[in-house]
Amino acid sequence: MSIPAAQIRKTTLLYVEDDDSSREATTLFLTRKFPELDIIVAENGRRGLELFAIHKPEIILTDILMPEMDGICMSREIKSLDKSARIIVLTATDNTDSIIEAIDIGIRHYVLKPVKIEKLFSAIEQCLDGIRLENQLRQQEEYIRHIAYYDPLTRLPNRELFNELLHLELAQAQRHSQNRLLAVLFLDLDRFKVINDTLGHGVGDQLLQAVALRLKECCRRHGDVVARRGGDEFIILLPELDTVQEATRVAQKVIDAFAHAFVLPDHELFVSTCIGISIFPDDGADSDTLIRNADMAMYRAKEHGRNQYHLYNQSMNARASRRLSLETNLRRAMERQEFYLNYQPKVNVKTGRVVSFEALVRWRNEELGLVEPKQFIPLAEETGFIVQLGEWVLRTACAQNRAWQDARYPAMRVAVNFSPRQFQILRLADMVERVLAETGLAPCWLELEVTEGIMLQNMDNTITTLQRLSDLGVHISIDDFGTGYSSLSYIKKLPINTLKIDQSFVNDITSNPDDAAIATAVITMAQSLRLNVIAEGVEDEGQARLLDSLECPEMQGYFFSRPLNAAEFPVLMNKLHWRPDLPQNTTIH
């Protein structure tokens, strides 16, 4: 696309000459030869200096000998104002003193009189070449700076530029006022990875662009900065605040803005966010500390759900230190052999016998003691360590089950939990098949429990992986059923065998009609689809009897047995007999 001529900025040449005829003739020649020049003229050095101050010409063409102010004096003044000014002097061949003086003040172009027009054209062409080169270099520098400091997708400032701007604002705040506050807001998008994995990175990029525009609309004061940190993380700088409430109002404004759908070319998406806020000077005096504390506050907000903001407080540092210690010990736990498995039975309430058992990973650390699964499993998920840990659990459980079968205990399935993160690794089915082959366990004695979260990942990949595992003979269960995003269409597509009713519906099933209704619906649906169903988290006889009356065939929970270590479990295999119509007799606690 061509740029209209009116929008192209011409190069300005100031021509200073006291002889009218020379000035007119030379101006005519230059206009014809160089149409890109905007030529202004002056009759002496003093007037030339005035026009230079007004027009800031890139090239000055001047005679030396002139009344009022000669060309050398004018050039000296111009050089004092602009050292980069390109000056061409016209001088007689015998005026060597003037030529030397011109060289001394930095003039590198001169044309001898009588002027040969080709020499003058050549001098001007050299100046124009220099200007073009400078402009090209300047454009390249601006382009490089833009790449270095701006996110190419959203065109927002990137991490580096944000850090520089924050550093400058902090310096100004520390220098000028003790009463002015500054806020850093750290946020990311809830469930963005699900959108990326489900709808593709193209839609994810469109969403990030739309989010950037909406954030800029929320932060319109002079000095406010919205930047993209990377991925789905954004960061906001709010300088010169009078109160903390001004920062929280902006955070709430962002959350309210996210309540409206993001309308993309082919999709309409609802996305929520969590925001962490740190305030200068109370929460940090330097940029790294403020950003780190805002990040910690954001994760605290996430712990309380979506669509929330949270202000940083000092207790988060201790919390972060504990988390860092936990992560460090978690990564070393495998080599230190600190993990072990417990096994919890699943009971058929009609026969009263153990029909399968679930392998549950436990971690005992010398420094931390027994670490609760709810503490280390989410951390393993977040860091990706769950992939390594999950394979260890699978291998250990399969080897133990085969060992019990070799010892002539009744053969039954062992259930192993697979997380959504494990489904992201390539060739997952190959890994399962390899572990079965190495441990010698037949596939029919392995059950894989997967959460409903896998349904929000790449569905085609999920179906392919589960179908291959099912074709091997592995039993597939949906864990925590009813708490996620299931629909009948998903259930019908997946090659599953069992639905597990989540314990959140079992806890109050005897007192909450809604929970009983949900359990009834799940059992009925499973029966209509010819699927097995099991209730987890059964803790008392009342729950067990009610579930039995609803025709739930299998149950699991502390009412039957706590999780047992490998040495305790064989004792239970042939001894647990429970009937709904008889008193409990061999429950192990």
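Let me begin by describing the structure that accompanies this report. (Residues numbered from 1 in each chain as written. Predicted model: local features only at pLDDT ≥ 70, side-chain atom pairs only at ≥ 80, totals over all residues. Heavy atoms only, no water.)

1. Digging into the side chain of E449
Turning to step 1, where the next piece is worked out: The topology assignment puts E449 in strand 17 (residues 446–451).
Turning to step 2, where the next piece is worked out: Taking the relative accessible area as the measure of exposure, E449 reaches 1% and is therefore buried.
Turning to step 3, where the next piece is worked out: Side chain to side chain, E449 and K500 meet in a polar contact 3.1 Å long.
Turning to step 4, where the next piece is worked out: In this view, E449 contacts K346, E358, A415, V416, N417, F418, S477, D479 and K500; residues no more than four positions away in its chain are not counted. (Helix = DSSP H or I, 4+ residues; strand = E, 2+ residues; numbered from the N terminus. Buried < 20%, exposed > 50% of the residue type's maximum accessible area, 1.4 Å probe, protein only. Polar contact = N/O pair within 3.5 Å; in protein donor to acceptor, adjacent residues only side chain to side chain. Contact = heavy atoms within 4.5 Å.)

2. Some thoughts on helix 2 (residues 45–55)
Turning to step 1, where the next piece is worked out: Those residues of helix 2 that sit buried are G45, G48, L49, L51 and F52. The buried residues of helix 2 all sit within an arc of 165 degrees when viewed along its axis, so they share a single face.
Turning to step 2, where the next piece is worked out: On its buried face, helix 2 is in contact with strand 1 (11–16), strand 2 (37–42), strand 3 (59–63) and helix 3 (71–81).
Turning to step 3, where the next piece is worked out: Structurally, the start of helix 2 carries an N-cap: the backbone nitrogen of R46 is 3.1 Å from a side-chain oxygen of N44.
Turning to step 4, where the next piece is worked out: Of the residues trailing helix 2, K56 is marked for its positive phi of about 50 degrees. (Arc of directions from axis to C-beta.)

3. Description of the pairing of strand 12 (residues 308–311)
A regular strand carries its side chains on alternate faces of the sheet.
Turning to step 1, where the next piece is worked out: Note: strand 11 (residues 273–280) against strand 12, four bridges, orientation parallel. Bridging across to strand 12, I277 finds its partner in L311.
Turning to step 2, where the next piece is worked out: Where the polypeptide runs from strand 11 across helix 10 (residues 287–303) and back to strand 12, its parallel neighbour, the crossover connection is left-handed. (Pairing = 2+ DSSP bridges. Right-handed = clockwise from strand over helix to strand, strands pointing away.)

4. Some thoughts on the pairing of strand 18 (residues 475–481)
Turning to step 1, where the next piece is worked out: Burial runs high along strand 18: six of the seven residues are buried.
Turning to step 2, where the next piece is worked out: Relative to strand 18, strand 17 runs parallel, the two sharing five bridges. Bridged to T451 within strand 18 is D479.
Turning to step 3, where the next piece is worked out: Sheet analysis places strand 18 next to strand 19 (residues 498–501), joined by three bridges and oriented parallel. Bridge pairing in strand 19 places I478 opposite L499.

5. What to know about the nonpolar core
Turning to step 1, where the next piece is worked out: F339, L394, F418, L446 and L448 are the most contacted members of the largest nonpolar core, which has 75 residues in total.
Turning to step 2, where the next piece is worked out: No other element matches the seven residues that helix 13 (residues 386–406) contributes to this core.
Turning to step 3, where the next piece is worked out: Once residues within four sequence positions are removed from consideration, F418 is found in contact with L394, F423, L428, M431, V432, L448, E449, V450 and T451.
Turning to step 4, where the next piece is worked out: Counting residues in hydrophobic clusters, the runner-up holds 35 residues, among them L156, L207, I236 and F262. (Core = buried A, V, L, I, M, F, W, Y, C linked by side-chain atoms within 4.5 Å.)

6. What about the packing of helix 5 (residues 117–149) against helix 6 (residues 159–176)?
Turning to step 1, where the next piece is worked out: Put simply, helix 5 and helix 6 touch, their axes get as near as 6 Å, and they point 90 degrees apart. Between helix 5 and helix 6, the angle is such that the two are roughly perpendicular. Together, R145, A148 and Y149 of helix 5 and E160, L161 and E164 of helix 6 make up the contact between the two elements.
Turning to step 2, where the next piece is worked out: Split by residue class, the contact of helix 5 with helix 6 holds three nonpolar, no polar and three charged. (Axes fitted to C-alpha atoms, helices over the stretch in contact; angles between N-to-C directions. Parallel < 35°, antiparallel > 145°, perpendicular 65-115°, else oblique. Nonpolar A, V, L, I, M, F, W, Y, C, P; charged D, E, K, R; others polar.)

7. Overview of the packing of aromatic side chains
Turning to step 1, where the next piece is worked out: This structure, assessed with the given rule, holds 14 aromatic pairs.
Turning to step 2, where the next piece is worked out: Note on F357 and F569: the rings are 4.8 Å apart at their centroids and 55 degrees apart in plane angle, and the pair reads as tilted. With a gap of 212 residues between them, F357 in strand 14 (residues 353–365) and F569 in helix 20 (residues 569–573) connect regions that are remote in the sequence. Taken individually, F357 and F569 each receive the classification buried, so the pair is uniform in this respect.
Turning to step 3, where the next piece is worked out: The structure contains a cluster of three or more aromatic residues connected by ring pairs, namely F339, W363, F376, F385 and W392.
Turning to step 4, where the next piece is worked out: The ring of F262 carries R214 above its face, with NZ or CZ at 3.8 Å from the centroid. (Phe/Tyr/Trp six-rings, centres within 6.5 Å; stacked < 30°, edge-to-face > 60°. Lys NZ or Arg CZ within 6 Å of the ring centre and 35° of its normal.)

8. A word on a nonpolar patch on the surface
Turning to step 1, where the next piece is worked out: The grouping of I103, Y110 and L112 at the surface amounts to a nonpolar patch, some 250 Å² of accessible area in total.
Turning to step 2, where the next piece is worked out: Its place among the elements puts I103 in helix 4 (residues 96–104).
Turning to step 3, where the next piece is worked out: Judged by its relative accessible area of 38%, I103 falls in the partly exposed class. (Patch = residues over 30% accessible without salt bridge, like charges linked within 9 Å, V, L, I, M, F, W, Y side chains within 5 Å. Areas by Shrake-Rupley, 256 points an atom, 1.4 Å probe, with all protein chains shown as cover. Salt bridge = Lys/Arg side-chain N within 4 Å of Asp/Glu carboxyl O.)

9. Some points on the pattern of salt bridges
Turning to step 1, where the next piece is worked out: On inspection of all chains with the given rule, the structure shows 35 salt bridges.
Turning to step 2, where the next piece is worked out: Salt-bridge contacts for R47 lead to E50; the nearest nitrogen and oxygen are separated by 3.1 Å. One end of the pair is R47 and the other is E50, both in helix 2 and three residues apart, which spans about a single turn.
Turning to step 3, where the next piece is worked out: A residue is classified by how much of its surface remains accessible, and R47, at 33% relative accessible area, is partly exposed.
Turning to step 4, where the next piece is worked out: Residue R434 is joined to E391 by a salt bridge in which the shortest nitrogen-to-oxygen separation is 3.2 Å. Linking R434 in helix 14 (residues 428–439) with E391 in helix 13, this pair joins segments that are 43 residues apart in sequence.

By themselves, these observations are geometric and do not establish any function.
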